[in-house]
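Coordinate inspection notes
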Amino acid sequence: MMLKMAAFTALAMAVSSSTLIKTSCAFLTASNKGRFTNTKLLTNRLLLVPSSTFSRTKHTSRSSAFRHGSTAQHDSTAEETTPQEQQVQEEEESSSSIYESQSETLAKLRSPFLKTMRDRGFLHQCTNIEELDAIMMERSKDGKALSAYLGFDATADSLHVGSLLQIMILRHLQKSGHKPIVLIGGGTSKVGDPTGKDESRKLLTDDIILANTRGISKVFEKFLTFGNDSPSDAIMVNNDDWLSSLKYLEFLRDYGTQFTVNRMLSFESVKQRLAREAPFSFLEFNYMILQAYDFLELSRRYDARLQLGGSDQWGNIVAGTELGRRCDGTQLFGLTAPLITTSDGKKMGKTANGAVWLNADRLSEYDYWQFWRNTSDEDVIRFLKLFTELPLEEVETLSKLEGADINKAKVVLADEATALLHGRDCLKVIHETVDNMFNKKSKSMSTESLPRIFVTAENLEQGVRFADLFLELKLVDSKKEARRLIQGGGAKLNEEKITDETGSLTLSDFGDSKEVILRAGKKRAGVVEIQ
């Protein structure tokens, strides 16, 4: 093996003496000298090298992290394109949906989980779906559960609605009698997933990752049952437990031979960064290898047979399935869901006011309900299938509503989605607040469900700027936005417009009450209460 760019020396871990990595003035490219003649297969298949391209010498890992009673299997079976690899190639070359390309197979599914994925619109890609269906049915028949995992990096102290689709998949998995494994990416968060990013993620300290891990862990208890009482009880694990203890040279020797730079450079996230000449660190370049290794490790530790994820993770997931086959002879499966965008093409979970957080300390129950209530007419039925557990028969009935009656379906969506996250008890107060705010049914308004902050009487005597209060209530993202809101006439104190962008809330504004309501537009409001 030879390498013409010193900066990429470490990347050559996957290439044997029969593979040559060439460089051009634009960026590093690679040409495989192994047994592939189909270049489309080379670039679209897996992050894996046929065994003919590396040494057949078997070696056993000396690192305790790799002692699982098996060696990397470099036998002749790896030289041929497997049926799974062929299926992956065909799926990636086809532009049609799995609902079109495998319609006959999908119609014959028997396992409750896969049927739910099919019927509610969760499916995008799946490796060997027929065999996965058979194994899930066999496990259920024997009173056992198939273990499947989904990873969540700890990049913030709360997940947002963009992660909700994946959480719902885990919930359906458990309700179908199988075992969810929630993988917290304490280790991979130190690297940063480059998928979909134009620039490097900000490196997080260990303390921040730990705090974020605690923050995002809370939400899973709302959707899943954890414990040891049932085969389907969920568990939560952290990949920092094994990734941080890896020995670099031993990891390269034992697993680096399974990956090619050729394939890694073909990933869309890599190509976009290189095309835009955006800095792309070697640290980030390793993320896909670590994700594949996670699957292998979870297979060994917890008998995880299925990895779930978004369609942007397909290549990484397939790499993990093949790593399991090559190293341990284990058949692993991958299933992805489509990346959800709204009907106007916007990314799910983002609004003009920022991310729609799942933790109540980041976003109130009322604002969460309003997010779903504001769903567009075109999206409401699709979101009812994906983000609620409403029976499909009822969804079908709601799909027949037209005109203003579609708003009834939006209320159902808001109620059901909010109940899953925050519990059904909060709905009564939310409805009262909505009725009082928008329908003017009562002069006395319930503010229990609104976000709330407290100020002291001493501070109010001096005055607290409205811009600061709107920001603290998270009704705006910045003071500048608060001032624009006031200038545009969208800010109100109770029912009175706030006209002075530098104005302040004072004790006299409260009258005989201990609280006032600040409004940002027609649908967002918060409470300021005297402490």
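My aim in this report is to walk through the structure given alongside it, one point at a time. (Residues numbered from 1 in each chain as written. Predicted model: local features only at pLDDT ≥ 70, side-chain atom pairs only at ≥ 80, totals over all residues. Heavy atoms only, no water.)

**Here we look at the side chain of Ser232**
Relative to the elements of secondary structure, Ser232 occurs in the loop between helix H8 (206-223) and strand S7 (235-238). Setting aside residues no more than four positions away along its own chain, Ser232 makes contact with Ala145, Gln174, Gly177, His178, Lys179 and Pro180. (Helix = DSSP H or I, 4+ residues; strand = E, 2+ residues; numbered from the N terminus. Contact = heavy atoms within 4.5 Å.)

**Observations concerning the packing of helix H7 (residues 164-175) against H8**
Axis separation between H7 and H8 bottoms out at 10 Å; the angle between their running directions is 45 degrees. One finds that H7 runs oblique with respect to H8. The element H7 and its partner H8 pack so that their crossing is right-handed. Contact residues: Leu164, Ile167, Met168 and Arg171 in H7; Val219, Phe220, Lys222 and Phe223 in H8. Counted by class, the contact of H7 with H8 contains 6 nonpolar, no polar and 2 charged residues. (Axes fitted to C-alpha atoms, helices over the stretch in contact; angles between N-to-C directions. Parallel < 35°, antiparallel > 145°, perpendicular 65-115°, else oblique. Left-handed = near helix turned anticlockwise from the far one by under 90°. Nonpolar A, V, L, I, M, F, W, Y, C, P; charged D, E, K, R; others polar.)

**Let's talk about the pairing of strand S6 (residues 179-185)**
Of all 7 residues making up S6, 7 are buried, and the element is well covered by its neighbours. Burial along S6 is two-sided: Lys179, Ile181, Leu183 and Gly185 facing one way and Pro180, Val182 and Ile184 facing the other are all buried. Relative to S6, strand S5 (residues 147-153) is paired through 7 bridges, and the arrangement is parallel. Bridge pairing links Ala148 to Pro180 in S6. (Buried < 20%, exposed > 50% of the residue type's maximum accessible area, 1.4 Å probe, protein only. Pairing = 2+ DSSP bridges.)

**A closer look at the pairing of strand S17 (residues 515-520)**
Along any regular strand, the residues point their side chains to alternate faces of the sheet. When you tally the buried positions in S17, you get 5 out of 6 residues, the bulk of the element. Bridge count for strand S14 (residues 491-493) against S17 is 3 bridges, and the pairing is antiparallel. Bridge assignment links Lys492 to a residue of S17, and that residue is Arg519. Examined bridge by bridge, S17 and strand S18 (residues 524-530) share 6 bridges and lie antiparallel to one another. Bridging from a neighbouring strand, Ala520 pairs with Arg524 of S18. Hairpin geometry of S17 and S18 is characterised by an intervening segment of 3 residues between the two adjacent antiparallel strands and by a positive phi of about 75 degrees at Gly521.

**Looking at H7**
Helix length check: H7 (12 residues) gives 16 Å between terminal C-alpha atoms against 16 Å at 1.5 Å per residue, within 8%. Most of H7 is tucked away: 11 of the 12 residues are buried. Among all positions in H7, only Leu164, Leu165, Gln166, Ile167, Met168, Ile169, Leu170, Arg171, His172, Leu173 and Gln174 are buried. Of the residues trailing H7, Gly177 is marked for its positive phi of about 95 degrees. (Expected span 1.5 Å × (residues − 1).)

**Observations regarding the environment of Gln462**
Mapped onto the elements of the fold, Gln462 is located in helix H21 (residues 457-462). When the C-alpha atoms of Gln462 and Leu505 are compared, they prove to be 9.0 Å apart, with 43 residues separating the residues in sequence.

**Let's talk about the sheet that holds strand S15 (residues 496-497)**
In space, the 5 strands of this open sheet follow the order S12-S18-S17-S14-S15, with mixed pairing throughout. On the outer flanks of this sheet lie strand S12 (452-455) and S15, each paired with one strand and no other.

**Brief notes about a nonpolar patch on the surface**
Together, Tyr248, Leu249 and Phe282 give the surface a local cluster of nonpolar side chains, amounting to about 330 Å² of exposed area. Structurally, Leu249 is set in helix H10 (residues 248-255). Assessed through its relative accessible area of 67%, Leu249 is described here as exposed. (Patch = residues over 30% accessible without salt bridge, like charges linked within 9 Å, V, L, I, M, F, W, Y side chains within 5 Å. Areas by Shrake-Rupley, 256 points an atom, 1.4 Å probe, with all protein chains shown as cover. Salt bridge = Lys/Arg side-chain N within 4 Å of Asp/Glu carboxyl O.)

**A short note on the packing of aromatic side chains**
Within this structure, the stated rule accounts for 10 aromatic pairs. Relative to Tyr255, the ring of Phe251 has its centre 5.7 Å away and its plane inclined at 40 degrees; by these criteria the two rings are tilted. Linking Phe251 with Tyr255, this pair stays in helix H10, spanning 4 residues, or about one helical turn. Considering the side-chain rings of Trp372 and Phe387, the 5.1 Å spacing of their centres and the 45 degrees angle between planes classify their relative orientation as tilted. (Phe/Tyr/Trp six-rings, centres within 6.5 Å; stacked < 30°, edge-to-face > 60°.)

**Focus: the packing of helix H5 (residues 112-120) against helix H6 (residues 129-141)**
In contact at an axis separation of 8 Å, H5 and H6 are set at 135 degrees when each is read in the N-to-C sense. Relative to H6, H5 is oriented oblique. Contact residues: Pro112, Phe113 and Leu114 in H5; Ile129, Leu132, Asp133, Met136 and Met137 in H6.

**Here we look at the pattern of salt bridges**
A complete count under the given rule lists 20 salt bridges for this structure. Arg118 serves as the salt-bridge partner of Asp119, at 2.7 Å between the closest nitrogen and oxygen. The class for Asp119 is partly exposed, based on a relative accessible area of 36%. Looking at Arg118, the relative accessible area reads 18%, which means it is buried. Shared partners join several salt bridges into a network, and the residues in it are Arg171, Lys175 and Glu389.

**Thoughts on unusual backbone geometry**
Apart from glycine, the bulk of residues carry a negative phi angle, and the bulk of peptide bonds sit in the trans form. The phi angle at Lys474 is positive, at roughly 65 degrees, despite the residue not being glycine. Within the secondary structure layout, Lys474 lies in the loop between helix H22 (466-472) and helix H23 (479-487). We classify Lys474 as partly exposed; its relative accessible area is 39%. At Asn494, a residue that is not glycine, the phi angle is positive and equals roughly 55 degrees. Structurally, Asn494 is set in the loop between S14 and S15.

**Considerations on the sheet that holds S5**
Strand order in the open sheet formed by 6 strands is S4-S9-S8-S5-S6-S7, and the pairing between neighbours is mixed. The sheet terminates laterally at strand S4 (125-126) and S7, the two strands that pair on one side only. Here H8 sits on the sheet and contacts S5, S6 and S7; the angle it forms with S6, its principal contact strand, is near 160 degrees.

**Some points on the nonpolar core**
Within the largest apolar cluster, 78 residues are counted, with the highest numbers of intra-cluster contacts made by Phe113, Phe223, Leu306, Leu308, Tyr368 and Trp372. With 8 residues, the top contributor of residues to this core is helix H19 (residues 406-422). Counting residues in hydrophobic clusters, the runner-up holds 33 residues, among them Val191, Leu265, Ile289 and Leu290. (Core = buried A, V, L, I, M, F, W, Y, C linked by side-chain atoms within 4.5 Å.)

**Quick look at H10**
The α-helix advances 3.6 residues per turn, and as a result positions three or four apart in sequence lie on the same side. Looking only at H10, the buried set comprises Glu250, Phe251, Leu252, Asp254 and Tyr255. The inward-facing, buried residues of H10 contact helix H14 (287-302) and helix H15 (314-328).

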